[in-house]
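Next come the chains, spelled out residue by residue.
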Amino acid sequence: MLSSPNQDSLVKSEVVGPEKPIANGSMDTETTRFVVEFILDLVCPYCYITLKNLDTAVTLYKAKHPEAVFEVVCTPFMLDPLAARSAYDKSNYLQGRNLQRQGHSNEHLASLAKEAGVEFKWTGVTGSTRDAHKLLRFALEPTPTTTRSIAFASGGGPRAPPDPSPSPSLSSATTTTPTTPSSLTRGSALQLRLLAALFTAHHTSDADISSRDFLASLGSSIFTNTNASTNTNNDANDDGKAAAAAAVLRGEVLESAAWDATINALAAEARRGRGVAIGAVPTLVVNDRYVIGGAQDAGFLAAELERIRVAGPGRGRGRRQQGQGQG
C-alpha cells in the first residue's frame with residue numbers, strides 16, 4: 001500500500017484519548033499510540049520490505065484495535081558513508097561493496113520482496129544516500145538540527161524536547177501547494193510520502209537516488225504537489241513551481257555542508273548514541289523503548305505490536321529482535 005506516495009495508512013493524524021485500562025482491571029494501561037522510529041538506508045532492500053510489511057502489520061493490528069494511532073518517522077543510517085555519487089551498478093552494488101549478508105543472493109531478496117508485494121528491478125546506477133537522507137530530513141524541518149526524529153511526531157515523541165514542532169496529517173500537507181519548499185507543511189506524513197517515492201525509485205526503476213538532479217526533481221514534485229514529467233495539461237504554473245522548488249532544494253539542501261554535517265551526526269547517533277547500539281538496518285524503535293531488528297514479516301510485526309500494547313507505555317524494558325535480513 002505504501003509503494004504509492006499518495007497512500008497514508010500509517011500516518012493519519014488523530015486525536016489521542018487517554019490510555020484505557022487493561023482487561024484485568026488493574027491501574028496499568030495499554031498502549032494505544034505508537035511512534036515508530038524507522039532507522040534505515042535507502043539502498044537497503046530489507047528496509048523497503050520492512051516498510052511494506054510494517055504497513056500490512058498496522059492494517060492487521062488496527063482491524064482488531066481501531067483506536068490505535070500510528071506514526072512513523074525516519075532516522076538516517078548509511079551503510080556506505082564513503083560511497084561516491086552515481087558510481088555503482090545497482091545489480092551488484094550491495095555485493096560489490098560488501099554490504100550484503102553472506103548467503104543472501106538477489107534471488108533470495110526477490111523471494112522476500114515478492115511476499116511483501118514488491119518486485120525489485122535493479123537497473124541503472126546508484127551511489128551515496130547522504131543527499132537522499134537530507135531530503136527526508138528536510139520533510140521534517142526547514143533548517144538542519146540534530147534533534148532526534150521522534151521529536152517531530154505529532155504531539156512529540158515519548159522523550160521529545162519540551163516544545164516540538166507539530167506534525168500535521170498527510171491530508172493537510174497535500175491540500176496546500178507552496179511555491180517553494182521552505183513554505184511547505186512539514187511532518188511525518190510528508191516524510192513518509194517521500195520515503196515511499198525514494199524506495200520505489202531506487203528498487204523498482206532505473207532512477208539514481210544519488211543524483212542531485214534526480215533528487216531535486218523528485219523532491220520538488222513531492223513538496224509542491226506537482227509532477228512536471230507527467231503533467232498532461234502542460235500547466236506552466238505547475239512547471240514553474242517545480243522548477244523553482246528544485247533550484248531551492250539543490251542550492252539550500254542538497255549542496256549544503258550544514259545538511260551534510262547534520263545527516264552525519266544523526267547517523268552516528270543512531271549507531272552509538274542510545275541505550276541499544278544499532279549496528280544494522282532495518283531497525284524499528286517503537287515508543288523509544290522496544291527495538292525490532294531485521295526484515296520481519298507482517299505477522300511477526302503485528303504480534304510484536306500486541307506485546308507492546310499489553311506491556312503498556314510505562315512498563316517493561318527495550319528488547320531487540322534480530323532478523324535474518326539486516327543490512
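Remember, predicted model here, so these are calculated numbers, not experimental data.

Asker: Whenever I open this one, the overall build of the protein confuses me. Can you help?
Answerer: On a plain count of helices and strands, the protein comes out with ten helices and seven strands. Looking at the 327 residues of the protein, the share that counts as buried comes to 53%. The contacts of the protein with a sequence gap of at least 6 include a subset with a gap of at least 24, amounting to 76%. Total accessible area on the protein is roughly 13,700 Å²; 51% of this is exposed by carbon and sulfur atoms.

Asker: Explanation requested: the environment of Ala-151 in the structure shown.
Answerer: In this fold, Ala-151 is placed in the loop between α4 (130-138) and α5 (170-174). Sequence separation between Ala-151 and Leu-140 is eleven residues, and the spatial gap between their C-alpha atoms is 9.8 Å.

Asker: I would appreciate a short explanation of unusual backbone geometry in the present structure.
Answerer: When glycine is set aside, most residues are seen to have a negative phi, and most peptide bonds are trans. Here the amide bond leading from Val-281 into Pro-282 is cis, since omega sits at 5°, within 30 degrees of zero. Note on placement: Pro-282 falls in the loop between α9 (257-272) and β5 (283-286). The phi angle at Ser-86 is positive, at roughly 55°, despite the residue not being glycine. Checked against the element boundaries, Ser-86 lands in the loop between β2 (69-76) and β3 (88-89). Even without glycine at this site, Asp-288 takes up a positive phi of about 60°.

Asker: Just checking my understanding: could you explain α9 for this structure?
Answerer: Owing to its 3.6 residues per turn, the α-helix aligns residues three or four sequence positions apart on the same side. Across its 16 residues, α9 extends 23 Å between first and last C-alpha, which sits within 8% of the 22 Å expected from 1.5 Å per residue. Those residues of α9 lying buried are Trp-259, Thr-262, Ile-263, Leu-266, Ala-267 and Ala-270. Along the axis of α9, the buried positions cluster into a sector of 125°, meaning they face one direction only. Of the exposed residues in α9, those oriented more than 90 degrees away from the buried face are Ala-257 and Arg-272. Its side-chain oxygen at 3.2 Å from the backbone nitrogen of Ala-258, Ser-256 defines the N-terminal cap of α9.

What counts as what
Residues numbered from 1 in each chain as written. Predicted model: local features only at pLDDT ≥ 70, side-chain atom pairs only at ≥ 80, totals over all residues. Heavy atoms only, no water. Helix = DSSP H or I, 4+ residues; strand = E, 2+ residues; numbered from the N terminus. Buried < 20%, exposed > 50% of the residue type's maximum accessible area, 1.4 Å probe, protein only. Contact = heavy atoms within 4.5 Å. Areas by Shrake-Rupley, 256 points an atom, 1.4 Å probe, with all protein chains shown as cover. Expected span 1.5 Å × (residues − 1). Arc of directions from axis to C-beta. Polar contact = N/O pair within 3.5 Å; in protein donor to acceptor, adjacent residues only side chain to side chain.

The analysis is restricted to geometry; functional conclusions fall outside its scope.
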